[in-house]
Structures are given as structure tokens and as C-alpha cells.
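Breakdown of the fold
Residues per chain, in single letters:
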Amino acid sequence: MGRLFLVNLEGKSYSCKHCKTNLGLCDDVVSKSFQSRHGKAYLFSKVVNVYAGKKEDRMMMTGMHTVVDIYCVKCGSYVGWKYEFAFEKNQKYKEGKSVLDRYKVWGPDGNNYWVAQEVEAGDSDTDDA
């Protein structure tokens, strides 16, 4: 295997809960009102140190989207998903943005967000923005 190059972020950031690798800056959070199948999630304009899985069309609460699951580049843990395409015109603002599941990340204050209760619905992306 080749050498692993990681992007180190300056400032307050979110990181992988398993290996503490930086994933995104607080300044890049677009919305904290998203939901995933595991609970709360954050929409980011930019994330780093992730790799993408296979593209798939997924029905979410706000309509059909083409997404890829994203994984920590260091440990391989699932951390969220990235919007590749939104079928609905009013959802186009999500394209190119990524969602990190709160239960999979350490917060900027060093707190790990644990699941308080399971969300019964499948994939979700509800936001109040």
C-alpha cells in the first residue's frame, strides 16, 4: 500500500470518532438541521480526508438524490454521504456538499455525539435551512 497523505485543518474542526482524522471545519458547516438514519447530521460545503463509495440513487425525505457514501481515508469508517445530483430543483443547493453523521464524528470541543434514539425511517436528509 502507498503512503497516506492527510490534510491537517487549522481551526476548530470535526474529526473521525475512530481515528481522530480531521474531516471538516466548523466554518464549512452549512446546516446542523439534517437527519440521517442514525440521528442528527451536519451538511458541510467541504470535507477532507474522505473517499467515496459507489454512486447510487437514493430516495430521501426531500426527494430522489444521487449520492455516494463517504468513508474516512485513514481508518475506512463510514462517516456520511455526499450529494452528487438532486432531482428536485429546490434541492440543487445540496449538490457537491457532504453530510457527516454526528454519531460518527468528534465535535470541535472534543465531544463524541452518541445516538440518543434510533431514527426509524430509512435514509433521511431533512433540513430546516
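Everything below is about the structure shown above.
Residues numbered from 1 in each chain as written. Predicted model: local features only at pLDDT ≥ 70, side-chain atom pairs only at ≥ 80, totals over all residues. Heavy atoms only, no water.

1. Overview of unusual backbone geometry
Note the cut-off: Helix numbers and strand numbers start at the N terminus; a helix is a DSSP run of H or I with at least 4 residues, a strand a run of E with at least 2. Under the scheme applied here, a residue whose accessible area is under 20% of the maximum for its type counts as buried, over 50% as exposed, and between as partly exposed, the area being computed with a 1.4 Å probe on protein chains only.
Positive phi, close to 70 degrees, is recorded for Lys20, a residue that is not glycine. Along the chain, Lys20 turns up in the loop between strand E1 (13-16) and strand E2 (22-25). Owing to a relative accessible area of 47%, Lys20 belongs among the partly exposed residues under this scheme.

2. A look at the packing of aromatic side chains
Rules: The criterion for an aromatic pair is that two Phe, Tyr or Trp rings (for Trp, the six-membered ring) have centres within 6.5 Å, with stacked assigned to planes under 30 degrees apart, edge-to-face to planes over 60 apart and tilted to the rest.
What the rule picks out here adds up to 6 aromatic pairs. Measuring from ring centre to ring centre gives 6.1 Å for Tyr71 and Tyr78, while their planes differ by 75 degrees; the resulting arrangement is edge-to-face. On the basis of relative accessible area, Tyr71 is assigned to the partly exposed category, the value being 21%. Residue Tyr78 is classed as buried on the basis of its relative accessible area of 19%. Ring centres of Phe85 and Phe87 lie 4.9 Å apart, and the angle between their planes is 90 degrees; on these two criteria the pair is classed as edge-to-face. The partly exposed category is assigned to Phe85, whose relative accessible area is 34%. Ring pairs connect the aromatic residues Tyr14, Tyr42 and Phe44, which therefore count as one cluster.

3. Describing the pairing of strand E6 (residues 63-72)
Keep this limit in mind: Note on pairing: DSSP must find at least two bridges between two strands before they are called paired.
Along E6, 8 of the 10 residues are buried, which leaves the element largely enclosed by surrounding structure. Bridge count for strand E5 (residues 50-60) against E6 is 9 bridges, and the pairing is antiparallel. Paired with Ala52 across the strands is Ile70, a residue of E6. Taking the residues between adjacent antiparallel strands as the criterion, E5 and E6 are bridged by 2 residues. Both E6 and strand E7 (residues 78-86) contribute to a ladder of 7 bridges, which runs antiparallel. If you follow Val68 over to E7, its bridge partner there is Lys82. Counted between consecutive antiparallel strands, the loop separating E6 from E7 contains 5 residues, among which Gly76 sits at a positive phi close to 80 degrees.

4. What about the pattern of salt bridges?
In plain terms, the rule: Basic side-chain nitrogens of Lys or Arg form a salt bridge, by our definition, when they fall within 4 Å of a carboxyl oxygen of Asp or Glu.
Tallying each qualifying case throughout the model produces 3 salt bridges. As a salt-bridge pair, Arg58 and Glu56 come within 3.3 Å of each other at their nearest N and O atoms. Three or more residues are tied together by salt bridges with common partners; here these are Glu56, Arg58 and Asp69.

This is a description of form; function is not addressed.
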